[in-house]
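Per-entry structural report
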Amino acid sequence: MATTAKTIWQDILENGVRKVVEDLSDAQAIEMTERFGTHNYHPLPVNVVRAKGAYAYDGDGKEYIDCIGCYSAVAHGHLSEFITKSVVEQLDKVTLVSRAMYTSELALFLKGICEFTGMDLACPMNTGAEAVETAIKLARKWAYTVKGVPKDKAEIIVAEDNFHGRTTTIVSFSTEQQYKEFFGPYGPGFKIVPFGDIDAVKAAITPNTCAVLMEPVQAEGGIIFPPPGYMAELRQVCTENNVLLIWDEIQTGFARTGKKFAWMHEDAKPDMMCLGKALGGGIFPVAAVVGLEHVMKVFVPGDHGSTFGGNPVGCVVALAAMAEMEQKDLCANSEKMGNRLLSKLKALPHKCIEDVRGRGLLIGLEVLEGTDTKKLSEAFIKQGLLTKETRNRTFRFAPPLIVDEKLIDQIVERASKALDAVS
Ligand SMILES: *Cc1c(COP(=O)(O)O)cnc(C)c1O
């Protein structure tokens, strides 16, 4: 930093935020983040200063293909022109009121998301974890006021190796040691069963069970798919037992797996869905719970809320995101490009590859135990490919859904060169 005693604020007011940001080198940005931020993440040693489409660039101008895609939140590519333009136009009108007033943006968002998802009612939130919390509250209130479960006895069935966010309630039913250790006492009311085991769900249901909450694909858990037929069977079991089915589609939704929502690969329409990530168009956090009227109607004024939830900018971003998804038929592209990427990764000759699995553009490449994953991670960066390990030595390949054949082939070429480094 300069030796003059200019404060950050003077600098920003004189030169503008943009200029002050641009004056930071990659090394300075990394050092400052580590110095002043809590250390709850371990980022790749890459400082992104600019991104467009499927590409990201560091301060030296090095180009990367973004195969993390903000954990599927960047579905439309970085800085989609239509979504960006929609936001810029909105910034001339109104950005923030509260739910104490109506806005036309929220009205259109609610109608739009119900139409897009085929659901009856929607409750807007900001982040995925908030959407999950909202669904839990709705399911519990439904249990007590509709199903007749005795007060405070409602149970929700969840899966081992789940990921639903990081709030205190949600980590209470995580099975990942690090997500929960030292964060107790844990909230009760959850039963954990193995993922993909329908008999385990049947055995766990009691008269007090109000819901089953699961991801259709366990993305954070290592890109794990349930056995074929599981989702449809789960739907049936829930219906037979008067239990709500809640899909957490925060990561798998909005065309990521080649269908609008991953449950659509089977006949498994839920009572409620948690949505987030790609709903924000790669720009701004927007999340929601959508569901059928018989559940969603249990909320009355005062039951739930969020200061920023349903704000006009977020609503515009989400509307533009859904419109563009329809216009560009991102489902079809995700399926087509996903198939291409999957088969090409599967064809790689490297002996350290244990498994490649995926659906649409949610693909995991698992390497054999004993592979130097740290070295591999560095090699991916060196080759200009941003990917990060999920659990179980599985590297994520989840680029924006706008990729074309040329880009897929580029991804495979770079991945192949990186894998050479550990083979
Ligand atoms: C990312 C994610 C969440 C949490 O979303 P946040 O916006 O980070 O709170 C919940 N569930 C799933 C399946 C996710 O992938």
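What counts as what
- Residues numbered from 1 in each chain as written.
- Predicted model: local features only at pLDDT ≥ 70, side-chain atom pairs only at ≥ 80, totals over all residues.
- Heavy atoms only, no water.
- Near = heavy atom within 4 Å.
- Polar contact = N/O pair within 3.5 Å; in protein donor to acceptor, adjacent residues only side chain to side chain.
- Areas by Shrake-Rupley, 256 points an atom, 1.4 Å probe, with all protein chains shown as cover.
- Helix = DSSP H or I, 4+ residues; strand = E, 2+ residues; numbered from the N terminus.
- Phe/Tyr/Trp six-rings, centres within 6.5 Å; stacked < 30°, edge-to-face > 60°.
- Buried < 20%, exposed > 50% of the residue type's maximum accessible area, 1.4 Å probe, protein only.
- Pairing = 2+ DSSP bridges.
- Right-handed = clockwise from strand over helix to strand, strands pointing away.
- Salt bridge = Lys/Arg side-chain N within 4 Å of Asp/Glu carboxyl O.
- Domains from an automatic or database assignment.
- Contact = heavy atoms within 4.5 Å.
- Buried area = accessible area lost by both parts, 1.4 Å probe.
- Axes fitted to C-alpha atoms, helices over the stretch in contact; angles between N-to-C directions.
- Parallel < 35°, antiparallel > 145°, perpendicular 65-115°, else oblique.
- Left-handed = near helix turned anticlockwise from the far one by under 90°.
- Nonpolar A, V, L, I, M, F, W, Y, C, P; charged D, E, K, R; others polar.
- Core = buried A, V, L, I, M, F, W, Y, C linked by side-chain atoms within 4.5 Å.

**Observations regarding the site of the ligand**
The environment of the ligand is made up of T127, G128, A129, F163, H164, G165, E215, D248, I250, Q251 and K277. The separation between a nitrogen atom of the ligand and a polar main-chain atom of F163 is 3.4 Å. In the model, a nitrogen atom of the ligand is placed 2.7 Å from a nitrogen or oxygen of the D248 side chain. Protein contacts shield 80% of the accessible area of the ligand, which totals 380 Å² for the unbound molecule.

**Thoughts on unusual backbone geometry**
Cis geometry marks the peptide bond from G184 to P185, where omega comes out at 0°. At D161, a residue that is not glycine, the phi angle is positive and equals roughly 65°. Relative to the assigned elements, D161 resides in the loop between β5 (155-159) and α8 (168-172). Notably, N242 is not glycine yet its phi reads approximately 55°, a positive angle.

**Describing the packing of aromatic side chains**
Summed over the entire model, instances satisfying the criterion amount to eight aromatic pairs. Between the aromatic rings of F116 and F254, the centroid separation amounts to 5.5 Å while the plane-to-plane angle is 35°, which identifies the pairing as tilted. On the criterion of sequence distance, the pair formed by F116 in helix α6 (residues 104-117) and F254 in the loop between β8 (244-248) and β9 (272-275) is long-range, its members being 138 residues apart. Residues F116 and F254 agree in their burial class; the two are buried. Arranged with centres 5.8 Å apart and planes meeting at 70°, the rings of F163 and Y179 form a pair that is edge-to-face. Pair noted here: F163 is in the loop between β5 and α8 and Y179 is in helix α9 (residues 177-180), with a separation of 16 residues, a long-range link. For F163, a relative accessible area of 17% puts it in the buried group. Classification of Y179 by relative accessible area gives buried; the value is 16%.

**Quick notes on the pairing of strand β14 (residues 394-397)**
Alternating residues of β14 divide into T394 and R396 and F395 and F397, and every residue in both groups is buried. Bridge count between strand β12 (residues 362-367) and β14: four bridges; the pairing is antiparallel. Paired with G364 across the strands is R396, a residue of β14.

**Considerations on the pairing of strand β7 (residues 209-214)**
In terms of burial, β7 is largely enclosed, as six of its six residues are buried. Bridge count between β5 and β7: three bridges; the pairing is parallel. Across the sheet, residue E155 finds its bridge partner in β7, namely T209. Sheet topology note: the β7/β8 ladder contains four bridges and is parallel. Counterpart to A211 in the pairing with β8 is L244. For the crossover from β7 across helix α11 (residues 230-240) to β8, the handedness is right-handed.

**Considering the pattern of salt bridges**
Within this structure, the stated rule accounts for 26 salt bridges. The shortest N-O distance in the salt bridge between E413 and K417 comes to 3.7 Å. Taken together, the residues E413 and K417, both in helix α16 (residues 405-420) and four residues apart, mark about one turn of the helix. On the basis of relative accessible area, E413 is assigned to the partly exposed category, the value being 49%.

**Remarks on the domain arrangement of the protein chain**
Once the domains are mapped, the protein chain shows domain 1 (13-73 + 330-419) and domain 2 (82-327). A separation of 26 Å is found between the C-alpha centroids of domain 1 and domain 2. On the side of domain 2, 27 residues touch domain 1, which itself brings 24 residues to the contact. For the pair domain 1 and domain 2, the summed buried area comes to about 2200 Å², and 54% of that belongs to carbon and sulfur atoms. Its largest share of buried area at the contact with domain 2, domain 1 owes to R359, L362 and R391, together 36% of the area lost on that side. At the junction of domain 1 with domain 2, the criterion picks out three salt bridges. Residue R391 is joined to E176 by a salt bridge in which the shortest nitrogen-to-oxygen separation is 3.4 Å. Linking domain 1 with domain 2 are 14 residue pairs in polar contact (both at pLDDT 80 or more). At the level of elements, α4 (69-72), α14 (330-346), β11 (353-359), β12 and β14 are the ones that each hand at least two residues to the side of domain 1 that touches domain 2.

**Observations regarding the packing of α14 against α16**
Where α14 contacts α16, the axes come no closer than 10 Å and their chain directions differ by 25°. Classified by the angle between their axes, α14 and α16 sit roughly parallel to one another. In the crossing of α14 with α16, the sense of the turn from one axis to the other is right-handed. Across from K336, M337, R340, L341, K344 and L345 in α14, the residues of α16 making contact are E405, I408, D409, I411, V412 and A415. Tallied by class, the residues present in the contact of α14 with α16 amount to seven nonpolar, no polar and five charged.

**Observations regarding the nonpolar core**
F109, M214, L279, L345 and F397 are the most contacted members of the largest nonpolar core, which has 84 residues in total. Of the residues forming this core, the biggest block, eight residues, is contributed by helix α13 (residues 312-327). Both domains that meet at this core, namely domain 1 (13-73 + 330-419) and domain 2 (82-327), each give it at least three residues. With sequence-adjacent residues up to four places away left out, L345 is seen in contact with I353, V356, I363, L365, F397, V412 and A415. Residues W142, I170, A211 and I246 belong to the second largest nonpolar core, which totals 31 residues.

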